[in-house]
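Listed below, chain by chain, are the residues.
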Amino acid sequence: MTSVDLNSDLGEGYGAYACGDDAAILGIVTSANVACGLHAGDPEIMARTFALAKARGVAVGAHPGFPDLWGFGRRRMPFSPDEIERLVAYQIGAAQALAAYAGHRITYVKAHGALANVAAEERPVADAIARAVRAVDRDLALLAIALTAQVPAGEACGLEVHQEIFADRGYTPTGLLIPRSQPGAMITDAGEAADRVLRMVEAGAILTADGRTLPTPIRSICVHGDSAHAVATARAVRTRLEGAGVTLAPFRP
């Protein structure tokens, strides 16, 4: 029987500002990628998110991004690979500390937004992220965008690497995410997203916007937690997969 993880990017509010319905999402997903305070999040939000995830039996990972609160970490910033390595190490440490404070444990790392997109295409940046993970805790797994430079970078560092696909994003012919500024980037219909995810899991492949099939291992599925349709999409994906006999379980408990 096929087993996959269902993850979401959470803890992305800041101070008095909320972002998404984390409590509802944590009742659906099996893993939560928690913002570490630079693109979103703060110590209060991180501690609450980790505590609620523990109570719900949800695994947690660090979700480091560019230091860009104004742009929600979705703008490319001109940091060198060495600077990125230290930025990521800094954020993993913050996540580990707040998870421990809440009685939970970080088991993996997943890059956020523009940082993840740069690392998908540029091997030196992917290597920097992998080195940061290894330096802080070589027992942490790397959750990598499927079929991108993140995968060989993590493997070269000796990390346990798991590949993910996205329920609510469209793919280019080469398997990269369609930029959010372009048509087809976002899949907002929950039913459509769920049906598409099941097709990809059953095929063991990414389905691109132009109809191509790109074979890849699929260990985790992401639903972005900040969108208005996040809860409906996550619930539809889980229901559709379980209805087809797919087991939902964290890839790294």
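Structural notes, computed from the coordinates.

Rules of the game
- Residues numbered from 1 in each chain as written.
- Predicted model: local features only at pLDDT ≥ 70, side-chain atom pairs only at ≥ 80, totals over all residues.
- Heavy atoms only, no water.
- Helix = DSSP H or I, 4+ residues; strand = E, 2+ residues; numbered from the N terminus.
- Buried < 20%, exposed > 50% of the residue type's maximum accessible area, 1.4 Å probe, protein only.
- Contact = heavy atoms within 4.5 Å.
- Expected span 1.5 Å × (residues − 1).
- Salt bridge = Lys/Arg side-chain N within 4 Å of Asp/Glu carboxyl O.
- Polar contact = N/O pair within 3.5 Å; in protein donor to acceptor, adjacent residues only side chain to side chain.
- Phe/Tyr/Trp six-rings, centres within 6.5 Å; stacked < 30°, edge-to-face > 60°.

### What about the overall build of the chain?
- When you go through the chain residue by residue, the secondary structure sums to 8 helices and 10 strands.
- Each principal axis of the C-alpha atoms in the chain carries an extent, and together these give about 40 × 35 × 35 Å.
- Looking at the chain residue by residue over its 253 residues, the buried ones come to 55%.
- Across the chain, every contact between residues at least 6 apart in sequence was considered, and the portion connecting residues at least 24 apart equals 72%.

### Observations regarding helix H8 (residues 230–243)
- In a regular helix each residue adds 1.5 Å, so 14 residues correspond to 20 Å; H8 covers 20 Å between its end C-alpha atoms and thus fits that length.
- When we look at burial in H8, the residues that qualify are Ala-230, Val-231, Thr-233, Ala-234, Ala-236, Val-237 and Leu-241.
- Looking at the buried side of H8, the elements it contacts are strand S1 (3–10), helix H1 (22–25), helix H7 (190–203), strand S9 (220–224) and strand S10 (247–248).
- Downstream of H8 by one or two residues, Gly-245 has phi in the positive range, about 90°.

### Quick word on the pattern of salt bridges
- Counted according to the given criterion, the structure contains 12 salt bridges.
- For Asp-68, the salt bridge is made with Arg-75, and the minimal N-O distance between the two is 2.5 Å.
- The exposure class assigned to Asp-68 is buried, which follows from its relative accessible area of 5%.
- Look at Arg-75 and you get partly exposed, because its relative accessible area is 43%.
- One network of salt bridges, in which partners are shared, links Asp-9, Lys-110 and Glu-164.

### Some thoughts on the side chain of Asp-9
- By the element assignment, Asp-9 lies in strand S1.
- Reaching out from Asp-9, the side chain makes a polar contact with the side chain of Asn-33 at a distance of 2.7 Å.
- Looking at Asp-9, its side chain comes within polar contact range of the side chain of His-63, at 3.4 Å.

### Section: the packing of aromatic side chains
- Throughout the structure, instances matching the rule amount to 2 aromatic pairs.
- Ring centres of Phe-66 and Phe-79 lie 6.1 Å apart, and the angle between their planes is 20°; this geometry places the pair in the stacked category. Here Phe-79 lies in the loop between strand S3 (59–63) and helix H3 (81–101) and Phe-66 lies in the loop between S3 and H3, a separation of 13 residues in the sequence.
- Here Phe-66 falls in the buried class, since its relative accessible area comes to 2%.
- Of the residues examined, Phe-79 reaches a relative accessible area of 28% and is grouped as partly exposed.

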